[in-house]
Amino acid sequence: MTITGAGLGLRRGMLDDLSALTSNEVDFLEVAPENWIGVGGRFGKALREFTERFPFACHGLSLSIGSSDELDLDFVKAVKQFLDTHQIETYSEHLSYCSHNGHLYDLMPIPFSIEAAKYVATRVQRVQDIIQRPLILENVSTYAMLGDGMSELEFMKEVIKRSGCKMLLDVNNVFVNATNHQFNPKEYIQSLPSESIEYLHIAGHFDEADDLLVDTHGADVKPQVWDLLKLAYECHGVLPTLLERDFNFPSVSELLNEVNTIKHYQQEAAYDRQLA
């Protein structure tokens, strides 16, 4: 099923709290397939009940598209089976790597170079051939610059052009990186190719210092990030948008308040585009 509207990340710790969720409250849900592949019993049954009621997206954690390690093709095939079983068309991952002679359990930045873009594009095409869907790559938060004559924006656009992949625009990550690495977040969003953006993420972060933000997914969305979301809609149209919350969970009503804020900005942007 195709995702639309405003979504929420489904985490195991909130399965019971979200069991009464309706499609009037949330338009779609998202899971990391690694956390669910091969899971049966009570958790497997609970997931199946959700996937039968809601459109879903999958947002992966361990594809390691930029790694020097060989692609784990058995894993990619397992992801495809999971997507097919639950009739999920949307599969996104991170433009990063998380393995080098073993799993690193973190998302590491890729050097911004033409050589790296070519390398990633070849791996993207292999994954797409297996999953029979576009691979959607997310701009990731970073805390060190590994540029090699290219900016993050230039690198993202180069990977998209060479691979034919789609983009998951994480608005919070743009704000985090713009603060950490001193670039203009508005110019970044305005310069992206609209036709390549499949959907959006929005989340909270932690202010470690004035010049250091940490993408935690453990806090409310900041006002400056909401402003960037509105800008993204103005520039690229009203796209499906998911609220990420990975820990420090508030009440369901508080989560739904933020989902409703997404819906409000989507409706506002759609109305403005009709008038334009």
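Above this text sits the structure in question.
This one's a predicted model, so the numbers in the text were calculated from it and none came from an experiment.

**Side note on the environment of Phe 249**
For Phe 249, the location among the structural elements is in the loop between strand E12 (241-243) and helix H8 (252-275). Residue class for Phe 249 comes out partly exposed when judged on its relative accessible area of 33%. Apart from residues no more than four positions distant in its own chain, Phe 249 is found in contact with Arg 11 and Met 14.

**Overview of empty space enclosed by the protein**
Within this structure, the stated rule accounts for one cavity of 30 Å³ or more. Taken as a whole, the largest cavity holds about 100 Å³ of empty space. Lining the largest cavity we find Leu 95, Pro 109, Ile 110, Phe 112, Asn 139, Val 140, Thr 142, Glu 152, Phe 155, Met 156 and Asn 177. The element best represented in the lining of the largest cavity is helix H4 (residues 152-163), accounting for three residues. A per-class count over the lining of the largest cavity returns seven nonpolar, three polar and one charged.

**Here's the deal with helix H1 (residues 41-53)**
The end-to-end C-alpha separation of H1 is 19 Å, in line with the 18 Å expected for 13 residues at 1.5 Å each. Elements in contact with the buried residues of H1: strand E2 (28-31), strand E3 (56-59) and helix H2 (73-85).

**Description of the pattern of salt bridges**
The tally for this structure, following the rule as stated, stands at eleven salt bridges. Between Arg 42 and Asp 16 there is a salt bridge, with the nearest N and O atoms lying 3.9 Å from each other. Taken together, the residues span a long stretch of sequence, with Arg 42 in helix H1 and Asp 16 in the loop between strand E1 (6-9) and E2 at a distance of 26 residues. One salt-bridge network, in which partners are shared between bridges, spans Lys 80, Asp 84, Glu 89 and Arg 133.

**Observations regarding the packing of aromatic side chains**
What characterises a pair of aromatic rings is the spacing of the ring centres plus the angle enclosed by the ring planes. Counting across every chain of the model gives four aromatic pairs. It is Arg 12 that lies over the ring of Phe 43; its NZ or CZ is 5.1 Å from the centre. Geometry around Phe 43 places Arg 42 over its ring, the cationic atom sitting 4.6 Å from the centre.

**Quick look at the sheet that holds strand E7 (residues 135-138)**
As a general point, the strands of a sheet are linked pairwise by backbone hydrogen bonds and lie either parallel or antiparallel. Taking strand neighbours around the barrel as the criterion, the eight strands line up as E1-E2-E3-E4-E7-E8-E9-E12 in a closed arrangement whose pairing is parallel. Taken pair by pair, the neighbouring strands of this sheet meet at an average axis angle of 30°, ignoring direction. In the packing of helix H3 (residues 114-131) onto the sheet, the strands contacted are strand E4 (90-94) and E7, and the crossing angle to E7 comes to about 140°.

**Some words on the packing of H3 against H4**
At their nearest, the axes of H3 and H4 sit 8 Å apart, and the two run at 45° to each other. As summarised for this structure, H3 and H4 are arranged oblique, according to the angle between their axes. Every pair of crossing elements has a handedness; the one defined by H3 and H4 is right-handed. Across from Ile 114, Ala 116, Ala 117, Lys 118, Val 120, Ala 121, Val 124, Gln 125 and Gln 128 in H3, the residues of H4 making contact are Phe 155, Glu 158, Val 159, Arg 162 and Ser 163.

**Side note on the side chain of His 86**
Along the chain, the position of His 86 falls in the loop between H2 and E4. The exposure class assigned to His 86 is buried, which follows from its relative accessible area of 11%. A polar contact is formed between the side chain of His 86 and the side chain of Thr 51, at a distance of 3.1 Å. Excluding residues that lie within four positions of it along the chain, His 86 makes contacts with Leu 47, Arg 48 and Thr 51.

**Regarding unusual backbone geometry**
With phi around 55°, Ser 64 is a residue other than glycine that occupies positive phi space. Considering the arrangement of structural elements, one finds Ser 64 in the loop between E3 and H2. Despite not being glycine, Gln 132 shows a phi value in the positive range, around 60°. Its location among the elements puts Gln 132 in the loop between H3 and E7. Among the residues examined, Gln 132 registers a relative accessible area of 60% and is labelled exposed.

**Quick notes on the state of the cysteines**
Applying the stated criterion to the full structure yields zero disulfides. We note that Cys 235 lacks a disulfide partner, and the nearest cysteine sulfur, in Cys 165, lies 20 Å from it. In this structure Cys 235 comes out as partly exposed when scored by relative accessible area, which is 29%.

**Points about the pairing of E4**
Residues in a regular strand point their side chains to alternate faces of the sheet. Burial within E4 is extensive, with five of its five residues counted as buried. Alternating positions in E4 separate into two faces, Thr 90, Ser 92 and His 94 on one and Tyr 91 and Glu 93 on the other, with burial throughout. Across three bridges, the pairing between E3 and E4 is parallel. What sits directly across from Cys 58, in E4, is Tyr 91. For the crossover that starts at E3, traverses H2 and ends in the parallel E4, the hand is right-handed. Pairing between E4 and E7: four bridges, direction parallel. Counted as the bridge partner of His 94 is Glu 138 from E7.

About the thresholds
Residues numbered from 1 in each chain as written. Predicted model: local features only at pLDDT ≥ 70, side-chain atom pairs only at ≥ 80, totals over all residues. Heavy atoms only, no water. Helix = DSSP H or I, 4+ residues; strand = E, 2+ residues; numbered from the N terminus. Buried < 20%, exposed > 50% of the residue type's maximum accessible area, 1.4 Å probe, protein only. Contact = heavy atoms within 4.5 Å. 1 Å grid on protein atoms, 1.4 Å probe; cavity = no way out; pocket = protein on both sides within 12 Å on 5 of 7 lines; lining within 4 Å. Points joined across faces, edges and corners; volume = space filled by probe spheres on them. Nonpolar A, V, L, I, M, F, W, Y, C, P; charged D, E, K, R; others polar. Expected span 1.5 Å × (residues − 1). Salt bridge = Lys/Arg side-chain N within 4 Å of Asp/Glu carboxyl O. Phe/Tyr/Trp six-rings, centres within 6.5 Å; stacked < 30°, edge-to-face > 60°. Lys NZ or Arg CZ within 6 Å of the ring centre and 35° of its normal. Pairing = 2+ DSSP bridges. Axes fitted to C-alpha atoms, helices over the stretch in contact; angles between N-to-C directions. Parallel < 35°, antiparallel > 145°, perpendicular 65-115°, else oblique. Left-handed = near helix turned anticlockwise from the far one by under 90°. Polar contact = N/O pair within 3.5 Å; in protein donor to acceptor, adjacent residues only side chain to side chain. Disulfide = S-S within 2.5 Å. Right-handed = clockwise from strand over helix to strand, strands pointing away.

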